[in-house]
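Residue-level structural notes
So you can see what is in the structure, the chains are spelled out below.
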There are 2 protein chains.
Amino acid sequence: MGLRERKKEKTRLALLDAALDLFLEQGYDATTVEQIAGVVDVSPRTFFRYFSSKESIPLWFHEQGEETMTETLDSRPADEPAFTSMTHALRAVIHDMQGSTPEDTERFLKLRKLFETNPALVGKSVARGTAAELRLTEIIARRRGADPADQLSHLIVAWAMATMRVGFECPYEPTNIRAIVERMEQTLAIAENSLKPGWDT
Amino acid sequence: MGLRERKKEKTRLALLDAALDLFLEQGYDATTVEQIAGVVDVSPRTFFRYFSSKESIPLWFHEQGEETMTETLDSRPADEPAFTSMTHALRAVIHDMQGSTPEDTERFLKLRKLFETNPALVGKSVARGTAAELRLTEIIARRRGADPADQLSHLIVAWAMATMRVGFECPYEPTNIRAIVERMEQTLAIAENSLKPGWDT
DNA sequence: TAACTTATGTCATACGATGACAGATGACAA
DNA sequence: TTGTCATCTGTCATCGTATGACATAAGTTA
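As a further point, take the relation of the copies chain B and chain A. Relative to chain A, chain B is turned by 180° and slid 0.0 Å along the rotation axis, the superposed coordinates differing by an RMSD of 0.1 Å. Taken together, the turn and the small shift mark the pair as related by a two-fold rotation axis. Taking C-alpha positions as reference, the residue of chain B nearest the rotation axis is Leu195 of chain B, located at 2.2 Å. Same-surface contact between copies: 100% of interface residues of chain B are shared with the interface of chain A.

So, in structure tokens, the structure goes:
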């Protein structure tokens, strides 16, 4: 890894951290891209070269999660019930969270606090999630040998994502990742217990 | 109803229709507020006095639907299973759709086509829906005598909304409201059949 | 008709976002 | 080390969304 690449990574993280801190200090809306860039001492134009938009900062984690889910889903056996595969994909995301570096963990907790203080962001994250939902639905539908327009495939994915969201948006103030993970596992358990066996086949 | 009020309503609908037509002609992103205002012959500033944002045009139906759901939910008996109440709320929205004027029906069909050609809008509609989801969750949690942070209450609402979305986003090209309503009823039926009796109590 | 309320247009301004171009900086081979 | 090349960066220009301030025009009411 050359100097150039390291420098880029450093700038990227600096922008991310600066943005996160400013968001928590003065609120998401009140923070401008100019301010974020100012802290890191780069031009606003450069900010947009690292992040496609101001929004993509609080959404960087979700993008990461979607990737994990897609990969996991592809690796699951084809004859597994669809919702079961989805829960595995969700748990893979949880697993990633637990295995992240202390820096990433801190960022994640900050992010969570940000979402809590700014409910509008939750909406925006779901908005981004819709595109991912479509891709996941295609995978599930193909596996089930169904039309991409198949309602049940849609429903399986939509409910799984909704479950994840409910688990993530716990209004408790978590001081560590463990609390969030536990909460997610709880929610997942409730979901699994609420569904009739074989509904997703 | 005075002249002034009638004039306002007329302008509002003119802006709505102009926007919808332009969106379908040249796409949502390619259409500017200036153009929309131009068709109706008002200043762009005036547009923003009728609609809080460009986005709120394709979202006007959702806002309407949320209102219906909240009202319905409040009128349901307190001892009814929560998810059942939610399905009633959803069906109330469907019922409203069937009872609308021909003009509104046309607008709704245009809107649906718009959502189909612009998946990003689906995301944005869900984003708006998140706020409504929070309010509905509060109602459900209170009825269930649970904490507002109760996971099951969250899950009940989230799954119901997800079901609605799956029904709405049918990739079929509906020429009339009936086709959409049928599709929604189908999705709702699948959902109801997938859940264990009593899961929502 | 006069006095009022309210809607509208015309500024000005802020912020997010993108394209174009030139200069700075790191990468790499001779 | 030096020269060449690729790439990153800042500056500038521009567009579109959105909001506040203020004067004017329109409808309302006495």
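Now, onward.
At the junction of the two partners, chain B supplies 32 residues and chain A supplies 33 residues. Summed over both partners, the interface of chain B with chain A buries about 2900 Å², with 65% contributed by carbon and sulfur atoms. It is Gln151, Trp159 and Lys196 of chain B that lose the most area in chain B upon contact with chain A, and together they represent 23% of the buried surface on that side. Taken together, the connections running from chain B to chain A amount to 2 salt bridges. Of the charged contacts in the structure, one is a salt bridge between Glu133 of chain B and Arg165 of chain A, with a shortest N-O distance of 2.7 Å. Our count for the contact surface shared by chain B and chain A stands at 17 residue pairs in polar contact (both at pLDDT 80 or more).

Applying the stated criterion across every chain, the model contains 20 aromatic pairs over all chains. For the ring pair Phe61 of chain A and Phe168 of chain A, a centre distance of 6.5 Å and an interplane angle of 15° mean the geometry is stacked. Taken as a pair, Phe61 of chain A in helix α4 (residues 60-75) and Phe168 of chain A in helix α8 (residues 151-168) lie far apart in primary sequence, 107 residues in all. The exposure class of Phe168 of chain A is buried, given its relative accessible area of 10%. Every member of this aromatic cluster is reached through a ring pair, and the members are Phe83, Trp159 and Trp199 of chain A together with Phe83, Trp159 and Trp199 of chain B. The aromatic ring of Phe168 of chain B is capped on one face by Arg112 of chain B, whose charged end is 6.0 Å from the ring centroid.

Around DNA strand D, a shell composed of 22 residues is seen, among which Thr46, Arg49 and Tyr50 of chain A together with Leu3 and Lys54 of chain B lie nearest. Near-protein atoms of DNA strand D (within 4 Å) split between backbone and bases, with sugar and phosphate holding 54%. In this structure, a phosphate oxygen belonging to DNA strand D sits 2.9 Å away from a main-chain N or O atom of Leu3 of chain B. In the environment of DNA strand D, a phosphate oxygen lies 2.7 Å from a nitrogen or oxygen atom belonging to the backbone of Lys54 of chain B. At the level of secondary structure, the elements contributing two or more residues to the surface near DNA strand D comprise α1 (3-26) and α3 (44-50) of chain A together with α1 (3-26) and α3 (44-50) of chain B. Ranked by the residues each element gives to the surface near DNA strand D, the list is headed by α3 of chain A, at 4 residues.

So, on to empty space enclosed by the protein. Evaluated as defined, the whole model comprises 6 cavities of 30 Å³ or more. Lining of the largest cavity is provided by 27 residues; of these, His62, Ser125, Met161, Met164 and Arg165 of chain A occupy positions nearest its centre. When residues in the lining of the largest cavity are grouped by element, the largest group, 6 residues, is from α8 of chain A. Its residues assigned to classes, the lining of the largest cavity shows 17 nonpolar, 4 polar and 6 charged. Lining the second largest cavity are 19 residues, and of these His62, Ser125, Met161, Met164 and Arg165 of chain B sit closest to its centre. Elements represented by at least two residues in the lining of the second largest cavity include exactly α4 (60-75), α5 (82-98), α7 (119-143) and α8 (151-168) of chain B. Of the residues in the lining of the second largest cavity, the class split is 10 nonpolar, 4 polar and 5 charged.

Now for a negative patch on the surface. Residue and element names in this part refer to chain A. Taken together, the side chains of Glu67, Glu71, Asp74 and Asp96 define an acidic patch exposed on the protein surface. Considering each element in turn, the negative patch owes the most residues, 3 residues, to α4. Tracing the backbone through its elements, the reader meets Asp74 in helix α4. Asp74 sits in the exposed class, given a relative accessible area of 54%.

Residue and element names in this part refer to chain A. The N-to-C vectors of α4 and helix α6 (residues 102-117) enclose an angle of 115°; their axes lie 10 Å apart at closest approach. Classified by the interaxial angle, the pair formed by α4 and α6 is roughly perpendicular. Contact residues: α4 offers Trp60, Phe61 and His62, while α6 offers Arg107, Phe108, Leu111 and Phe115.

Let's shift gears to helix α2 (residues 33-40) of chain A. Note that an α-helix has 3.6 residues per turn; residues three or four places apart therefore point the same way. All names here are of chain A. Along α2, the positions that sit buried rather than exposed are Val33, Ile36, Ala37 and Val40. Along the long axis of α2, the arc covered by the buried residues comes to 95°, so they all point the same way. Residues of α2 that are exposed and angled more than 90 degrees away from the buried face: Glu34 and Val39. Those residues of α2 that are buried lie in contact with α1 and α3. A positive phi of about 65° marks Asp41, the residue just after α2.

Frequently, the measure chosen for interface size is the accessible area removed from exposure when the parts meet. Residue and element names in this part refer to chain A. For chain A, the domain assignment lists domain 1 (3-50) and domain 2 (60-194). Here the C-alpha centre of domain 2 lies 27 Å away from the C-alpha centre of domain 1. Counting from both sides, the interface comprises 9 residues of domain 1 and, opposite them, 9 residues of domain 2. Summed over both partners, the interface of domain 1 with domain 2 buries about 860 Å², with 69% contributed by carbon and sulfur atoms. On the domain 1 side of the interface with domain 2, the three residues burying the most area are Leu20, Leu24 and Tyr28, jointly 57% of the side's total. Taken together, the links from domain 1 to domain 2 amount to 2 salt bridges. Asp21 is paired through a salt bridge with Lys110; the nearest N and O atoms lie 2.8 Å apart. Connecting domain 1 to domain 2 are 2 residue pairs in polar contact (both at pLDDT 80 or more). Taken together, the residues of the side of domain 1 that touches domain 2 sort by class into 6 nonpolar, no polar and 3 charged.

How each quantity is defined
Going along each chain's sequence as written, the residues are numbered from 1 onward. The lettering of chains begins at A and the numbering of ligands begins at 1, in the order of writing. Local features in this predicted model are restricted to residues of pLDDT 70 or higher, and side-chain atom pairs are both shown and tallied only at a pLDDT of 80 or more, whereas totals for entire chains, interfaces and linings draw on every residue. For the side-chain quantities, the full set of heavy atoms in the structure was used; hydrogens and water were omitted. A residue counts toward the fit only if its pLDDT is at least 70 in both copies, and the copies are then superposed by least squares on the C-alpha atoms of those residues. Between two residues, a contact is recorded if the distance between any of their heavy atoms is within 4.5 Å. Once two parts are put together, the accessible area they lose, assessed with a 1.4 Å probe and summed over both, is termed the buried area. The rule for a salt bridge is simple: a side-chain nitrogen of Lys or Arg has to be within 4 Å of a carboxyl oxygen of Asp or Glu. Identification of polar contacts relies on pairs of N or O atoms within 3.5 Å, with a donor-acceptor requirement for protein atoms, meaning one able to donate a hydrogen and the other able to accept it, and with residues adjacent in sequence counted only if both atoms are side-chain atoms. Only Phe, Tyr and Trp rings take part, Trp by its six-membered ring, and two of them pair if their centres are within 6.5 Å. Stacked means planes under 30 degrees apart, edge-to-face means over 60, and tilted covers everything else. Runs of H or I in DSSP of at least four residues are treated as helices and runs of E of at least two as strands, each being numbered from the N terminus. Whether a residue is buried, partly exposed or exposed follows from its accessible area with a 1.4 Å probe, protein chains only, as a fraction of its type maximum: under 20%, in between, or over 50%, in that order. By the criterion adopted, a ring carries a charge over it if an Arg CZ or a Lys NZ lies within 6 Å of its centre and within 35 degrees of its normal. One heavy atom suffices: a residue is near a molecule or strand as soon as one of its heavy atoms comes within 4 Å of it. Put simply, the grid is 1 Å and covers the protein atoms alone, a cavity is a trapped set of points that fit a 1.4 Å probe, a pocket is an open set with protein on both sides within 12 Å along at least five of seven lines, and lining residues have an atom within 4 Å of a point. Grid points are joined across faces, edges and corners, and a volume is the space filled by probe spheres set on the points. All amino acids are sorted into three groups, where Ala, Val, Leu, Ile, Met, Phe, Trp, Tyr, Cys and Pro are nonpolar, Asp, Glu, Lys and Arg are charged, and the leftover types, Gly among them, are polar. What goes into a patch is any residue over 30% in relative accessible area without a salt bridge, connected to like charges within 9 Å or, for nonpolar side chains (Val, Leu, Ile, Met, Phe, Trp, Tyr), within 5 Å. The protein chains shown are the only cover counted for residues, whose accessible areas, like all others here, come from Shrake-Rupley with a 1.4 Å probe. Charge counting follows a simple rule: Lys and Arg are positive, Asp and Glu are negative, and His as well as the terminal groups are ignored. Taken as the charge centre is NZ of Lys, CZ of Arg, CG of Asp or CD of Glu, depending on the residue. Simply put, an axis is a line fit to the C-alpha atoms, just over the touching stretch for a helix, and the angle between two N-to-C directions goes from 0 to 180 degrees. By definition in this entry, angles of less than 35 degrees are roughly parallel, angles greater than 145 are roughly antiparallel, angles of 65 to 115 are roughly perpendicular, and the rest are oblique. Throughout, the arc means that of the directions going from the helix axis to the C-beta atoms. Here the limits of each domain have been adopted from an automatic or database domain assignment.

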